Amino acid sequence: HFEDIEKIIEVSIMSSRLTHNYTLGFLGGMITALFTHWAIKDIPPWKWCDKLIELHENNTIDKVIEKNFPKVLDFFLKSTATSKISPLITVKNFA
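Predicted model, so just to flag it, every value in this text is computed and none were measured. (Residues numbered from 1 in each chain as written. Predicted model: local features only at pLDDT ≥ 70, side-chain atom pairs only at ≥ 80, totals over all residues. Heavy atoms only, no water.)

### With respect to the overall build of the chain
Scanning the chain for helices and strands turns up five helices and zero strands. Written out in order from the N terminus, the α and β elements of the chain read α-α-α-α-α. In the chain, which comprises 95 residues, the share counted as buried stands at 37%. Residue pairs in contact within the chain that sit at least 24 positions apart in sequence constitute 52% of those at least 6 positions apart. Counting every atom, the chain has about 6,100 Å² of accessible surface; 59% of that belongs to carbon and sulfur. (Helix = DSSP H or I, 4+ residues; strand = E, 2+ residues; numbered from the N terminus. Buried < 20%, exposed > 50% of the residue type's maximum accessible area, 1.4 Å probe, protein only. Contact = heavy atoms within 4.5 Å. Areas by Shrake-Rupley, 256 points an atom, 1.4 Å probe, with all protein chains shown as cover.)

Written out as structure tokens, the structure reads:
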């Protein structure tokens, strides 16, 4: 079931919640899991960021979080002024 990107996102966030107490830690675990998955599939590292941005643009990450982790989403929305979690992973927000 690890060909299912949504399941990888779900399980990685679930696992990251055990060792991290803030959403940035959850996202770090998710990105690590996704990059590991793509490495195992022999996808060249220079394509990983493009694939991550694609997941953001098609709202896959947000949909998984909204469906499986509504309390995490509520906590994040209360602690920030944004309406989504995944924009934190895009480069433009760090400029």
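Additional details are given in the paragraphs that follow.
### Notes on the packing of helix α1 (residues 5-19) against helix α4 (residues 60-68)
Following both chains from N to C, one finds α1 and α4 inclined at 55°, their axes separated by 10 Å at the closest point. Here α1 lies oblique to α4, going by the angle between them. Where α1 crosses over α4, the handedness of that crossing is right-handed. On α4, the residues that touch E6, I9, E10 and I13 of α1 are T60, I61, V64, I65 and N68. For the contact of α1 with α4, the class distribution of residues is five nonpolar, two polar and two charged. (Axes fitted to C-alpha atoms, helices over the stretch in contact; angles between N-to-C directions. Parallel < 35°, antiparallel > 145°, perpendicular 65-115°, else oblique. Left-handed = near helix turned anticlockwise from the far one by under 90°. Nonpolar A, V, L, I, M, F, W, Y, C, P; charged D, E, K, R; others polar.)

### A few points about the nonpolar core
Taken as a class, soluble globular proteins show a tendency for nonpolar side chains to be buried jointly. Of all hydrophobic cores here, the largest spans 18 residues; its most connected members are I9, M30, L34 and W38. At the level of elements, α1, α2 (23-40), α3 (48-57) and α4 are the ones that each hand at least two residues to this core. (Core = buried A, V, L, I, M, F, W, Y, C linked by side-chain atoms within 4.5 Å.)

### Quick look at the pattern of salt bridges
Within this structure, the stated rule accounts for one salt bridge. Close ionic contact of E10 with K7 constitutes a salt bridge, the shortest N to O distance being 3.6 Å. Of the two residues, E10 and K7 both sit in helix α1, three residues apart, roughly one turn of that helix. (Salt bridge = Lys/Arg side-chain N within 4 Å of Asp/Glu carboxyl O.)

### A look at unusual backbone geometry
In most cases, non-glycine residues show a negative phi, while peptide bonds are predominantly trans. Positive phi outside glycine occurs at D42, with the angle close to 60°. Tracing the sequence through the fold places D42 in the loop between α2 and α3. Judged by relative accessible area, D42 falls into the exposed class, the value being 67%.

### Topic: the packing of aromatic side chains
As enumerated under the stated definition, the model contains two aromatic pairs in all. Ring plane angle 40° and centroid distance 6.0 Å describe the contact between F35 and W38, whose orientation is recorded as tilted. Here the residue F35 and the residue W38 both occupy positions in helix α2, the gap between them amounting to three residues, near one helical turn. The class for F35 is partly exposed, based on a relative accessible area of 22%. Plain terms: the ring middles of F35 and W48 are 5.2 Å apart, the flat faces sit at 40° to each other, and that makes the pair tilted. Remark: W48 occurs in helix α3 and F35 occurs in helix α2; sequence separation between them is 13 residues. Cluster of aromatic residues (ring-pair linked, three or more members): F35, W38 and W48. (Phe/Tyr/Trp six-rings, centres within 6.5 Å; stacked < 30°, edge-to-face > 60°.)

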